[in-house]
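# Tertiary structure, described
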Amino acid sequence: MSQPDQLQHPQGEQSNKDMRALVEREYKHGFFTEIESDTVPPGLNEDVIRMISEKKGEPDFLLQWRLKAYRYWQTLKTPDWAKLNLTPIDYQSISYYSAPKRRTDGPKSLDEVDPKLLETYEKLGIPLHERAALAGVAVDAVFDSVSVTTTFKDKLADAGVIFSSFSEAAREHPELVEQYLGTVVPYRDNFFAALNSAVFTDGSFVYIPKGVRCPMELSTYFRINEAKTGQFERTLIVADEGSHVSYLEGCTAPMRDENQLHAAVVELVALRDAQIKYSTVQNWYPGDEEGRGGIYNFVTKRGDCREDNAKISWTQVEAGSAITWKYPSCVLRGANTVGEFYSVAVTNNLQQADTGTKMIHIGPNSRSTIVSKGISAGRAQQSYRGLVKMMPSAAQARNYTQCDSLLMGNQCGAHTFPYMEIKNASAIVEHEATTSKIGDDQLFYCRQRGLSEEDAVNMIVNGFCKEVFRELPMEFAVEAQNLLNVSLEGAVG
Amino acid sequence: MNRLLSVNGLRVSVGEAEILRGLDLEVNAGEVHAIMGPNGSGKSTLAHVLAGRDGYDVTAGSVTYRGEDLLELAPEERAWRGLFLGFQYPVEIPGVNNVALLKAALNARKKYQGEPEVDSIEFLKRVREKAGLMEMDDSFLQRAVNEGFSGGEKKRNEIFQMALLEPELAILDETDSGLDIDALKIVANGVNRMRNDQRAFILVTHYQRLLDYIQPDFVHVLARGQVVKTGDKGLALDLEAQGYDWVLDKAANQ
């Protein structure tokens, strides 16, 4: 090991070879659940949309909204401004609805849920039986196009919190859905938002009433199972005046050779003095080392600090997907509002990620913080794309942006595209960016002290991500750290 | 006599250039060896090859450490067997806590030795004790590895790590460079306190100055990839007074 078998420079090829070996990894959630499902034939037209709406028993306003979105979507072209290389998506070859078959109209309790589904979530480490569940975390489990179950609903209802699948909310609380849906991300927002608005199937709905601090962490676990389907989830979280909520989503999918589309929309509304903390651990199947398969992840996430003193915080750990196109953003409308974005994105093999955030400062004295950590390995390409916009009304507004990239090996790329539009002279915007290679020096230093190469890499990478991990809810910080370790696990040279 | 290290006819190349050209060195437990020599003589290469750094091509010779072929071992395997390298340029590792790294390092060694891991309380006690000896305060320990450390702090941190890991063979690569006289004394005291008949030191140094504070048993002059002269402390003083040329000339004439 210490005796290189060919001539080389100290910083040379041997270590690059080691790096390549290091980042090879296994995807641990790639299994498929054999379950009879009700999947509509591929293709998209108004009848498919009517069918989805009908299956879900939606109120008419929702169907009309979907149809408007669909008609608008047909006038659009796929955006091509992101630094992504992708094969065009044939939207007629995707099935827009797939649900596990049920004996009854909908499970009233966990006893009616197909045991195979429970087993699937068990295997993913998300037990749905409340007694086995992670203490203090309520889970909405979404399987392909439908929600399987939502745990701890009664306990949450006692606090006045509504936490249910989106479909259920549309039936049970149509007035709330109608009041807030599309107010943060209108269907005209962008190509994928329009598509999602037309065909979205399930997702979570959260409403926290005035002055309530949500007694548990809320969490949605998204699972794509069926082949040749797309998952189009829609999540809407409304935090009424003075309320608090912390929400986490997790995502996985089976390993397949063909790409699958996931186009989600998440809308957050924080009213006066309300706080929403939204965390994501995204681990969709990333494709194999040759870039075959993997999820195309095109997501529009936006939070609206609609009234004074509201705060929205995004934390994301993006480890999966063949392609990630995602910019969780904050509209800081009220005075003294706060927007935060903490991100760790890991790409390796042929994964591509174009991710970042937008902070739109409208309210005076609004503040935003952006901390983005990108780790690129293999032949992966990663871009940070961020917009900080200070509107004329945003007096004394402040932004701090820090953007760090870590490269492993010399075949990957990291790119930074920061945009700033400052229209108020009293606003202060700071931007810091670094790019570094995971040093042979750092690795050797740790190994000389006695750490194995794998432990050394994990320690260095986790150190690099520390500022973001400490923003995650405690239960998930550990999960995120482990996910990163798995991502970088491999045969050590 | 307890032989720790035998280097025999070691030849090492980096790229096209041959750096070590048949180097011999014997180190017994309890001894302090100083390796001196002009720039480019191969001092740091020797330190790196002994610690197992990648990118050096050993073309001939052997290195035996406590009866084992050292060159067959990965860097961490050498560390577990008690080999420590004090770096000339200690690297910064942002976000990685200094003490956390050391705890992982110490426990990796314990695991190899089949001993139980050190618990956090015991570990912290040791950390405080060793840090006190190096005149490092607690804030220093809570920081990330070498991040924002001054040159002198980095070198003190190296000796602190050595004190905690208690190696059998410590190779200190130009630990004295860039140190002011106070820091030099602290570093030298750290080394002297650790001297015992079970442990050996190889001090790689360009200047005699360090040897005013650490008395070596042997001084070797390295030139053009070989040990050209070996002597006692007096040799270092001669080199200080007369430079390297006379040794090199003499070696060339032999």
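For the structure itself, look to the data block above.
To start, this report covers the structure provided alongside it. (Residues numbered from 1 in each chain as written. Chains lettered and ligands numbered in written order. Predicted model: local features only at pLDDT ≥ 70, side-chain atom pairs only at ≥ 80, totals over all residues. Heavy atoms only, no water.)

A few words on the overall build of chain B. A tally of helices and strands in chain B yields 9 helices and 12 strands. Relative to the 2.2 N^0.38 estimate, which gives 18 Å for 254 residues, the radius of gyration of chain B is 18 Å and therefore close to what a compact globule would have. Projected onto its principal axes, the C-alpha coordinates of chain B cover approximately 60 × 40 × 40 Å. The burial tally for chain B puts 58% of its 254 residues in the buried class. Taking contacts inside chain B between residues at least 6 apart in sequence as the whole, the part at least 24 apart equals 68%. Of the roughly 10400 Å² that chain B leaves accessible, carbon and sulfur atoms contribute 46%. Of the side-chain charges in chain B, 29 are positive and 39 negative, and the distance between the mean point of each set is 2 Å. (Helix = DSSP H or I, 4+ residues; strand = E, 2+ residues; numbered from the N terminus. Rg over C-alpha atoms; globule rule 2.2 N^0.38 Å. Buried < 20%, exposed > 50% of the residue type's maximum accessible area, 1.4 Å probe, protein only. Contact = heavy atoms within 4.5 Å. Areas by Shrake-Rupley, 256 points an atom, 1.4 Å probe, with all protein chains shown as cover. Lys, Arg positive; Asp, Glu negative; His and termini not counted. Charge placed at Lys NZ, Arg CZ, Asp CG, Glu CD.)

Turning next to the pattern of salt bridges. Residue and element names in this part refer to chain A. Taken as a whole and judged by the stated rule, the model has 34 salt bridges over all chains. A salt bridge links Asp404 to Lys373; the nearest nitrogen and oxygen atoms lie 2.8 Å apart. Of this pair, Asp404 sits in strand S21 (residues 398-407) while Lys373 sits in strand S19 (residues 367-376), and the two are 31 residues apart along the sequence. Across the pair, Lys373 and Asp404 agree in class, each one buried. (Salt bridge = Lys/Arg side-chain N within 4 Å of Asp/Glu carboxyl O.)

To summarise the sheet geometry, strands pair through backbone hydrogen bonds and adopt either a parallel or an antiparallel arrangement. Residues and elements named next belong to chain B. Spatially, 6 strands are ordered S6-S9-S10-S3-S11-S12 in an open sheet, and the strand pairing comes out mixed. Every other strand in the sheet has two partners, leaving strand S6 (83-86) and strand S12 (226-231) as the edge strands with one partner each. Here the average twist between neighbouring strands, direction ignored, is 20 degrees. Set on the sheet, helix H6 (residues 151-165) makes contact with S6, strand S9 (169-173) and strand S10 (200-204); between it and S6 the angle comes to about 170 degrees. (Pairing = 2+ DSSP bridges. Axes fitted to C-alpha atoms, helices over the stretch in contact; angles between N-to-C directions.)

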